[in-house]
Amino acid sequence: MSEETPALHDSPGARLAARVERRWVTVVILVIAVFVVVAAFAGIHQATMPQTRVETINPTRLHLGGEFVETNLGSAVEPNGAVTVRAVGQQYSFTPQCMVVPTDSLITFRVASADVIHGFLIEGTNINTMLVPGYVSSIEARFDKPGDHLMPCQEFCGVGHEGMWAKLRVIDRVEYLKMAETKPRLTCVE
Ligand SMILES: [Cu+2]
């Protein structure tokens, strides 16, 4: 048996297999090279970046304290004039159900899921991110026109998924700041 092994390695079949394998290695390297070029193009030219940081949070304790406790949800004006919106997605609703933000301001959405994966999408914009339990999804935006945007959950999250949606209301910055004088956290929930 051991004397036959070298002959097997040198058989026409083995040589063919080696050639086919080398061809596939070349194809695979080319495919990887194409992916690297596409990722580099998206990152450098179109400025599409993956999240720059990973912020974790315990999804089972969101309601008990910390940033995502119910009284801290909604939008708030930061000392530098920017606005932060904090929200929670859970089966099958968003809290707050109506989020209000001003025009012409840097808006940061900070959203967490309390149970399963949900989607955070603002219609009419390119804002679309996943809410993965255990992580804080943070995304920045700016709106130049007042108006309402629907926010349907776009990740299937269970039997009530199609009824899970919220609304974003963009209002004039002056009007927003006037409202913010009396309330530290704003929503448009009626
Ligand atoms: Cu959902």
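Scroll up to find the structure this text is about.
Residues numbered from 1 in each chain as written. Predicted model: local features only at pLDDT ≥ 70, side-chain atom pairs only at ≥ 80, totals over all residues. Heavy atoms only, no water.

### So, the overall build of the chain
Piece 1. Each helix and strand counted, the chain has three helices and ten strands in total.
Piece 2. If you list the helices and strands of the chain from N to C, you get α-α-β-β-β-β-β-β-β-β-β-β-α.
Piece 3. The C-alpha atoms of the chain give 25 Å as radius of gyration, which overshoots the globular expectation for 190 residues (16 Å, by more than 25%).
Piece 4. Evaluated residue by residue, the chain yields a buried proportion of 33% over its 190 residues.
Piece 5. Element-wise, carbon and sulfur atoms account for 61% of the exposed surface of the chain, whose accessible area totals about 12,000 Å².
Piece 6. In the chain, which carries 16 positive and 20 negative side-chain charges, the distance between the mean positions of the two groups comes to 4 Å. (Helix = DSSP H or I, 4+ residues; strand = E, 2+ residues; numbered from the N terminus. Rg over C-alpha atoms; globule rule 2.2 N^0.38 Å. Buried < 20%, exposed > 50% of the residue type's maximum accessible area, 1.4 Å probe, protein only. Areas by Shrake-Rupley, 256 points an atom, 1.4 Å probe, with all protein chains shown as cover. Lys, Arg positive; Asp, Glu negative; His and termini not counted. Charge placed at Lys NZ, Arg CZ, Asp CG, Glu CD.)

### Quick look at the coordination of the copper ion
Piece 1. The coordination sphere of the copper ion contains the protein donors His118 (ND1), Cys153 (SG), Cys157 (SG) and Met164 (SD), at a distance range of 2.1 to 2.4 Å.
Piece 2. If you look at the copper ion, its four donor atoms make angles of 92 to 122° with each other, and the shape they trace is tetrahedral.
Piece 3. Look at where the donors of the copper ion fall in the sequence and you get H-x34-C-x3-C-x6-M. Taken as a pair, Cys153 in the loop between strand E9 (147-152) and strand E10 (165-171) and Met164 in the loop between E9 and E10 lie far apart in primary sequence, eleven residues in all. The exposure classification of Cys153 matches that of Met164, with both residues buried. (Donors = N, O, S within 2.8 Å, 3.2 Å for Na, K, Ca; no water. Tetrahedral: all angles 85-135°; square planar, octahedral: opposite > 155°, others 65-115°.)

### A short note on a negative patch on the surface
Piece 1. Taken together, the side chains of Asp104, Asp144, Asp172 and Glu175 make up a negatively charged region of the molecular surface.
Piece 2. Within the fold, Asp172 resides in the loop between E10 and helix H3 (173-182). (Patch = residues over 30% accessible without salt bridge, like charges linked within 9 Å, V, L, I, M, F, W, Y side chains within 5 Å. Salt bridge = Lys/Arg side-chain N within 4 Å of Asp/Glu carboxyl O.)

### Concerning the sheet that holds E10
Piece 1. On the basis of which strands lie adjacent, the open sheet formed by three strands has the order E4-E10-E9 and mixed pairing. Each edge of the sheet is formed by a strand with only one pairing partner; in this case those strands are strand E4 (98-102) and E9. Neighbour-to-neighbour, the strand axes of this sheet turn through a mean angle of 20°, independent of strand direction.
Piece 2. Looking at chain direction, E9 and E10 are connected through six bridges and run antiparallel. Bridging across to E10, Pro152 finds its partner in Trp165. (Pairing = 2+ DSSP bridges. Axes fitted to C-alpha atoms, helices over the stretch in contact; angles between N-to-C directions.)

### As for the pairing of E10
Piece 1. With five bridges connecting them, E4 and E10 associate as parallel partners. Looking at the pairing, Met99 lines up with Leu168 of E10.

That's the geometry; what it means functionally is another story.
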